Each structure stands twice: as structure tokens, then as C-alpha cells.
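Here is how the chains run, residue by residue.
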Amino acid sequence: MKRALALASVLAATSAYAEDPAATPVPPQGVPTEDLSSPEPATDKKTEKPDEPQPPEPPRPEKAPPTESDEPNAADAAAGPPPGQESGRIDEDQGDSLLRNIGQGVLVLPKIALVTALAPLRTTVWMYDRYNFGDRFNAAFFDDTVTYGVYPTLMVDSTYGLNLGARLVHRDLLGKKEKISLRGTTGGQFRTLVDARLRSGSRLGDRVTLELRAEYERRPREPYYGVGNVTDAQQSRFRTEIRRTTAYLDTRVADRLVLRTTASMTDREYTPADSADGTPIDAVYDRTMLTGFDSSVRNMYGELELRFDRRGREETPGRHQIYDTGYLLSAFGGRVHQMESGPMAKGYWRYGGEAQYFLGIGVGPRSLMTKVHVESVSGELNDVVFNQLPALGGATLLRGYFADRFRDRAAAVGTIEYTWGLGQLFLASLFVDAGRVYPSLADLTVKDIRVGYGASLQFHGNRQFISGLTVASSLDGGVVFNLTFDPVFDYDPRAERR
């Protein structure tokens, strides 16, 4: 009977709690309590003492009244200036001053000129990105891994004109990154050019790289302006035929220090150019004063170059890379042994050096580049073949002048160039070159120095410089165009220069 009364009391309390959730059921005295919210029965619960008071229920927190948002709304901006007329000024805008209006007016013409000059570059970048020319080119001329392929080549400059050809390349010939390249071109500087290159890659290890090259060239319209820093020299033309074999051995002496050993043998023959290609050289200069012109010239050249390279590249979000930090120091010396009898039997030394410095500016591919190049020969003018003297002018040294515009026994040139990213694969630059040729390095002076300046558009692939278009002029006047496949700040292969 007692158990029935206790059970009835619990059921009554539970019913009251269901009707009023705020009410807490109080079990009758002597009845054990259970956690009614738990689906599992309570075990080992302590029994409450009958006379122990229950703690009062804590008061429920009241909801805070809504607050106004600090974010501006449409009503706050209703009295503001219309879009495009915001000035950021807290005082009353009195308009631009007279001097500012004059300054803006003066800059209108330079702005129009700059926009007009850069329009072809911007159009080229837009077309390249819009029609995806890079992937289309690789798909048309290379395999799926871009390891080997055959592709056309194009070269244009103001001195020689248009050159067309084709190149076959394989970048992993035997599985050790060996690279082979075969090229044939015609037109422009070359009536015929055929050359082959083989590079060892990692076949000889991480510290040694060997490169072999063989070439045959026929150049029908080489320019010659005489010797010296002469402003009004007359251009003449001559023909030359060249057969050359060259070997390069690069040995990494230390982390950034490389020793390059070069050996080459060259045969050259010279004749006056056809009148259709320009003024023949013998119509302007006495052939007897042109060393080596009337005889076949064969010589051997050996050179050692020590190069310390601490240049660094910033890997940009795009695919091209650019030097933006560090420096390069290079010094070389080579001996020319002329395998002829008579006056030209005497050999001579060729020596010089180069220094480069790179300074990154801001974020992204943006860099200030500087370079100083010096070169000289020890032989007298009658010891050196007339077109083998150090020369300035062309696509890399003293841009703004035609190729080989100045020649003498010594040459020095300095460059400053600002380069920035322009699209995914393109770089643009502005540059100034200054230099001249001298009878010897002892005659170095800034008097009558030649200055060239201009702009360039460079096309970079995912691993290397591909091509560059340069438009340049000089303080002496004239406009020079060059489409080149060699970067200005790359190494200059002296054995192949001329």
C-alpha cells in the first residue's frame, strides 16, 4: 500500500511539471530521486534528506534592448559627393590652383605620346593573353612535355633586315639533361647560317659542363665604318665566309665561382660586297690598309674567364623570371694565335671584364639593372684583322647605334635599365647606354662619349629568355630596331661574336 501511494505522488508531480515548466517537481519524503531527463535509469544516486531545503532557481536573464549599428547606411551617404568626385578634403574644395592646371596641361602631350608609344606593346600583350599563343606554339611545335621540337625563328634589325629560319632542339637527349640544337637560317645578316650545339647537361656531374659548337656562315653585307670614334664615318659593306668550331668547359670552382675555358678555331675569307647590298668596302677604304682583307685568315683562340655570380631571381606569379638582386663580376683573358706567315703571324691578347648589379624595386618583377663592360686587345692595328677589333653598337652593346658602328683597340660602355612586368610572360624596359671606343685603355675619357636610349619588350618562357624587341635612338640621331634572341645581361660569347 505504501508503494502505491509513493508512485501516485511521483506521477502527480510529473504531471504538474509538464503543465508548468517553471515548476520543479519535489518528490515526497522518503522517495529516491532520479534524473528524469536521462534516457538511462539513474544508478547509485544519493537520497536527499527530508528536511534539506532546495536551492532557489536562478533568475533568467532579460534580453538586452536592440542597439543601433555603427555601420554606415544609405541615409548616411545621401549627403555625400557623387562617385568620382570624392576628394578626401575636410575643408571646402576651392578647385585646383592655376599652377596645378598649367602643370596638368603641360603633361597632356607627354601622356599622349607615352600612351601612343606603348599602344603596340599593350596590344601585343592583350593578343598573346587573349588567344593563348604560348600554349598554341608549344602544342604546334613541341611534344607534350616540351622536351623536343622543331620551330621557326625570326630575326629583324635595322642593319641587316629580315632573317628567317628553323631550329630543332632536344633538351634531354640521353636522360641526363643533355641538350642538342640544330639551326639553319637565311636572309638578314646571313645568306647562309648552319650551326649545331651539344651541351652535356648533368652527364659530367654537377660541377662540370661541356658545350661543343660547329658553324658555317656566309654574310654578304657586313658593315664597316672605319676605326675610331668618328661621327660622320661613311658606311661600307663587305662579304665574309666563316667556318668555326668551338668548345666551352665550365667548371664550378666554388658555390658561385665558375671558371670557363674556351678554345676555338676559325677560318675567314673576305671580299667586297655587291653594289646592290651597299657601298663596297674598297670604294671607300684602301684595301691594303685593311689587315687580313686580301688573304684567308685562320686563327686559334684560347681564353680563360673567371666569373663570380651572386645574382638572384624572383620567381613571379607568372612564368618569367627576372634578376632583381645581387651582382656579377667577370674577368677574362685570351690569346689569339694567327696561323699565317708574314705580317699577320704575330699573335695578340684580348682581355677585359664586366660588372653587373641588380636592385629590386617594390613588389613583383621590377628591377633596376646596371652594367659596365670593358674590352681591349694588345696588338697594334696592323696585327689585328680589321673586323676583329672591339666594337660597339647593335643589339647588346651601345644600343641606339647600328651594329659595329664604332671600332678601335679598346671599348668601354655602361648601361642602366629599368625593367618591369607587363602581363604573364612579358617584360618591358627603359634603358640608357653610354660609351665609346679608344686607341687604348690608357686613353679613357668621357669626352665625345656616345649615348643611346630606348625601350624594349621581352618575351620570357617558363625557363628562359626567348626574344626581345628593342627600339632605340641616340644623341646623334636615327632610330634603330632590333629583334634579338640574346638577353642584354647574359654572357657574351666572345669567340663567336664576329
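Worth saying up front: this structure is predicted, and the values here are computed from it rather than measured. (Residues numbered from 1 in each chain as written. Predicted model: local features only at pLDDT ≥ 70, side-chain atom pairs only at ≥ 80, totals over all residues. Heavy atoms only, no water.)

A few words now on the overall build of the protein. Check the secondary structure of the protein and you find five helices and 19 strands. Here the protein, with 498 residues, has 36% of them falling under the buried criterion. The long-range share in the protein, meaning contacts at least 24 apart out of those at least 6 apart in sequence, stands at 56%. Split by element, the accessible area of the protein, about 29,500 Å² in all, is 58% carbon and sulfur. (Helix = DSSP H or I, 4+ residues; strand = E, 2+ residues; numbered from the N terminus. Buried < 20%, exposed > 50% of the residue type's maximum accessible area, 1.4 Å probe, protein only. Contact = heavy atoms within 4.5 Å. Areas by Shrake-Rupley, 256 points an atom, 1.4 Å probe, with all protein chains shown as cover.)

For any pair of aromatic rings, the description consists of the separation of the ring centres together with the inter-plane angle of the planes. In this structure the tally under the stated criterion is 11 aromatic pairs. With a centroid separation of 5.2 Å and an interplanar angle of 75 degrees, the aromatic rings of tyrosine 224 and tyrosine 285 are classed as edge-to-face. In this pair, tyrosine 224 sits in strand E5 (residues 208-224) while tyrosine 285 sits in the loop between strand E7 (257-272) and strand E8 (297-309), placing the two residues 61 residues apart along the sequence. A ring pair is formed by phenylalanine 308 and tyrosine 327, whose centres lie 6.1 Å apart and whose planes are at 45 degrees; its orientation type is tilted. Taken together, the residues span a long stretch of sequence, with phenylalanine 308 in strand E8 and tyrosine 327 in strand E10 (residues 321-338) at a distance of 19 residues. Classification of phenylalanine 308 by relative accessible area gives partly exposed; the value is 28%. Here tyrosine 327 falls in the partly exposed class, since its relative accessible area comes to 32%. Across from the ring centre of phenylalanine 431, 3.7 Å away, lies the NZ or CZ of arginine 399, which sits over that ring. (Phe/Tyr/Trp six-rings, centres within 6.5 Å; stacked < 30°, edge-to-face > 60°. Lys NZ or Arg CZ within 6 Å of the ring centre and 35° of its normal.)

So, about the side chain of glutamine 388. In this fold, glutamine 388 is placed in the loop between strand E12 (366-377) and strand E13 (391-392). Under the relative-accessibility criterion, glutamine 388 is labelled buried at 9%. A distance of 3.1 Å separates polar atoms of two side chains, one belonging to glutamine 388 and the other to arginine 268. (Polar contact = N/O pair within 3.5 Å; in protein donor to acceptor, adjacent residues only side chain to side chain.)

Low pLDDT means the predicted coordinates in that region are not meant to be read closely. Confidence in the prediction of the protein, expressed as mean pLDDT, is 79, and 71% of residues score 70 or more. A low-confidence stretch, residues 1-8 (pLDDT under 50), is modelled with one contact involving residues beyond four sequence positions or located in other chains. Across residues 26-50, confidence stays below pLDDT 50; counting only partners more than four residues off in sequence or on other chains, it has 14 contacts. (pLDDT = per-residue confidence, 0-100.)

A few words now on the environment of aspartate 255. Take aspartate 255: it is sitting in the loop between strand E6 (236-252) and E7. Sequence separation of aspartate 255 and aspartate 309 is 54 residues, and the distance between their C-alpha atoms is 9.2 Å.

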